[in-house]
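In case you want the letters, here they are:
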Amino acid sequence: MFKKYNNDKDNFREETLELVKALTPDIICFQEFYSRIKGTKQFTKTLKNAGDFEDYYFEPSTKNDYEGYGQAIFSKDPIINYGTIHHNSYGLNRIIYADIKREGDTIRVYNVHLRSFALQEEDKEFVQKSTTNLQSSDEKKTKRVGRKLKRAFSNRSDQAKSLRTHIDECPYPYIIMGDFNDTPMSYSVNLISAGMNNAFLEKGFGWGVTHFGLLPIFQIDYIFCTKEIKIDNYGIINERLSDHYPIWADLTY
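From a predicted model like this one, the values you see are computed outputs, not experimental measurements.

A. Looking closely at the pattern of salt bridges. What the rule picks out here adds up to seven salt bridges. Note that Asp 168 and Arg 164 form a salt bridge whose closest N and O atoms lie 3.4 Å from each other. Residue Asp 168 and its partner Arg 164 are both found in helix α4 (residues 136–168); the two are separated by four residues, about one turn of the helix. You can call Asp 168 exposed: its relative accessible area is 53%. For Arg 164, a relative accessible area of 15% translates into the label buried. With a closest N to O distance of 3.7 Å, Asp 232 and Lys 230 form a salt bridge. Residue classification places Asp 232 among the partly exposed positions, given a relative accessible area of 32%. When its relative accessible area of 53% is taken as the criterion, Lys 230 is described as exposed. One network of salt bridges, in which partners are shared, links Asp 26, Asp 77 and Arg 102.

Next comes the structure, spelled out in structure tokens:
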């Protein structure tokens, strides 16, 4: 929501705009995007102008008459079709897509935000502390956290199946990017990425950590594309504008 996250910064909108200007992306996806939807202070229009984008698709999962919070795709080429995969969606944790017309071809971009663990601060504090001498209250907390983890893994698996069904019917080359909230070894990541190019595996290095919160501590954000799209470069930007590091890739089609 472009608000402070565990640090003293409070100018996230400005820093986001500067990052977009520096990277000059043709396409950019946000998994948690906030904007006014009326009046002169619409961040959608500010970002569109700052990044020299021709088009965007902002789909709030929550909104009122004045503001919205959801996902967004910005493009320097026209968006000719767009939509949301409603099956197995969970509020903000869902998948949107846009068909982008580029130099006579059409490419579909999926913006993915799979189900989070939904851990509260008390859950995170409990996981962080030592459990060598569990009390009865700790056992209850362990079961509560365990239920949340189990539910999230199950929900992400269902979302991955819904996305797999959708992309199997896609008539265009496609790119899948976003916050999967799961590790490279997970069922959901492997189901979605099957038969696709993986930007990190082809051009990245190291652990590929994209999240600096408590759980998980590995890579949970990805950029995949169909085989006819070539991956030229990939990077992780060490900027804490949210609890995730921004990732990028140069793709050629």
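B. Fine view of helix α1 (residues 12–23). With twelve residues, α1 extends 16 Å from end C-alpha to end C-alpha; this agrees with the ideal 16 Å at 1.5 Å per step. Buried residues of α1: Phe 12, Thr 16, Leu 17, Leu 19 and Val 20, and no others. The buried residues of α1 occupy one face: seen down the axis, they fall within an arc of 160 degrees. Structurally, α1 contributes buried residues whose contacts are with β1 (27–36) and α2 (43–50). Taken from the residues just after α1, Thr 24 is the one with a positive phi, measuring 45 degrees.

C. Examining the pairing of strand β5 (residues 93–102) more closely. Most of β5 is tucked away, with eight of its ten residues classed as buried. Two strands pair when backbone bridges link them, and strand β4 (residues 79–90) and β5 are joined in this way by seven bridges, in the antiparallel orientation. The residue of β5 that forms the bridge with Gly 83 is Tyr 97. With antiparallel pairing between neighbouring strands as the criterion, β4 and β5 make up a hairpin whose turn holds two residues, including Gly 91 at a positive phi of roughly 65 degrees. Pairing between β5 and strand β6 (residues 105–113): eight bridges, direction antiparallel. Of the residues in β6, the one forming a bridge with Tyr 97 is Tyr 110. As consecutive antiparallel partners, β5 and β6 are separated by two residues, and within that stretch Glu 103 has a phi angle of approximately 50 degrees, a positive value.

What counts as what
Residues numbered from 1 in each chain as written. Predicted model: local features only at pLDDT ≥ 70, side-chain atom pairs only at ≥ 80, totals over all residues. Heavy atoms only, no water. Salt bridge = Lys/Arg side-chain N within 4 Å of Asp/Glu carboxyl O. Helix = DSSP H or I, 4+ residues; strand = E, 2+ residues; numbered from the N terminus. Buried < 20%, exposed > 50% of the residue type's maximum accessible area, 1.4 Å probe, protein only. Expected span 1.5 Å × (residues − 1). Arc of directions from axis to C-beta. Contact = heavy atoms within 4.5 Å. Pairing = 2+ DSSP bridges.

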